[in-house]
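Understanding the architecture of this molecule
Take a look at the letters that make up each chain.
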Amino acid sequence: MSSNNDMNLLLKIWRQPDAQTKGELVDYNVTGISPDSSFLEMLDVLNEQLVTKGEDPVVFDHDCREGICGMCSLFINGEAHGPGKSITTCQLHMRSFKDGDTIYIEPFRATAMPVIKDLVVDRTSMEKIQQAGGYVSINTSGNTQDANALPIPKADADAAFDAATCIGCGACIATCKNASAMLFLSAKVSQFALLPQGKVEGAERVKNMVRVMDEEGFGNCTNTGACEVECPKGISLDNIARMNREYLSASLAD
Ligand code: SF4
Ligand code: FES
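Below, the structure is looked at part by part. (Residues numbered from 1 in each chain as written. Chains lettered and ligands numbered in written order. Predicted model: local features only at pLDDT ≥ 70, side-chain atom pairs only at ≥ 80, totals over all residues.)

**Notes on the nonpolar core**
Grouped together as the largest cluster of nonpolar side chains are 64 residues, with contacts concentrated most on Ile173, Ala181, Leu183, Phe184, Leu185 and Met209. It is helix α5 (residues 182-193) that provides the largest number of residues to this core, a total of eight residues. (Core = buried A, V, L, I, M, F, W, Y, C linked by C-beta atoms within 7 Å. Buried ≥ 20, exposed ≤ 12 C-beta atoms within 10 Å, placed from the backbone. Helix = DSSP H or I, 4+ residues; strand = E, 2+ residues; numbered from the N terminus.)

**As for the sheet that holds strand β5 (residues 102-107)**
Ordered in space as β2-β1-β5-β3-β4, the five strands form an open sheet in which the pairing is mixed. Looking along the sheet, the strands with just one partner apiece sit at the ends: β2 (24-33) and β4 (79-80). For strand β3 (residues 74-76) and β4, the ladder comprises two bridges, and the chain directions are antiparallel. Its bridge partner lying in β4, Ile76 is registered against Glu79. (Pairing = 2+ DSSP bridges.)

**Concerning the packing of α5 against helix α9 (residues 238-252)**
Remark: α5 packs on α9, axes separated minimally by 8 Å, with the N-to-C direction vectors making an angle of 70°. The orientation of α5 with respect to α9, classified from their angle, is roughly perpendicular. Note on packing geometry: the crossing formed by α5 with α9 is left-handed. Contacts from Met182, Leu183, Leu185, Ser186, Ala187, Val189, Ser190 and Ala193 in α5 reach Asn239, Ile240, Arg242, Met243 and Glu246 in α9. Along the lines of polarity and charge, the residues of the contact of α5 with α9 split into eight nonpolar, three polar and two charged. (Axes fitted to C-alpha atoms, helices over the stretch in contact; angles between N-to-C directions. Parallel < 35°, antiparallel > 145°, perpendicular 65-115°, else oblique. Left-handed = near helix turned anticlockwise from the far one by under 90°. Contact = placed C-beta atoms within 7 Å. Nonpolar A, V, L, I, M, F, W, Y, C, P; charged D, E, K, R; others polar.)

**Quick word on the site of ligand 1**
Ligand 1 sits among 14 residues. The nearest are Cys166, Cys169, Ala171, Cys172 and Cys231. Those elements giving two or more residues to the shell around ligand 1 turn out to be α4 (171-175) and α5. If one sorts the elements of the shell around ligand 1 by residue count, α5 sits on top with three residues. Looking at the shell around ligand 1 residue by residue, the classes come out as 11 nonpolar, two polar and one charged. (Near = placed C-beta within 6 Å.)

If you want it as structure tokens, here you go:
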């Protein structure tokens, strides 16, 4: 149902058929957008309007639409996940914009995350980092120790939990001028490094994950800190310092 508050917007959206073909920003006028709708709902309305006109809808990633899955990877007006603080694109609402605004919408860009189509990028490189060590092996012999029998300092448990809130969205990589994956990787290392269950494979984990990160073509960290600012989950740079300590001690032990 339309209301007097509905907005008309000019969208400048990156269209690109595939990684091999050059892309460009294309103008779209979208009308009748409720300020209460989410950013992705606004794109749904645009796509309905495009399909009605027989045009190719804009391809964008999404799944949970509630800030959990990390799929909704959009650069909005030059910021990963748009103007909101500590939210994902799917949690951004149109009341953050004004009637008549021009909005630039682009994919997360990094050499290691090539465009699949339009606003969707291939984040297989991030999955490979995870596969290299983002897990804890479980003893299924029947003699497994009850996890609650291992006392863990509250501060360590809290820091491990904070690291585990990384949703693997890639905003840190897209924001970094070097396209570094260090904040992402450091969260995945830290969530285990602080817990006794994670220490068993700790040295191998950090070495393997860093090796794959380098193989996949991510850039180096130069301590700019933009990743931390744009991370929707507030993952701290402290995790990068912890990961560097883990990597150094694992390398020295070799
Ligand atoms: S560290 Fe933050 S920005 Fe990077 S992948 Fe995890 S949640 Fe996304
Ligand atoms: S769609 Fe899942 S975090 Fe946005």
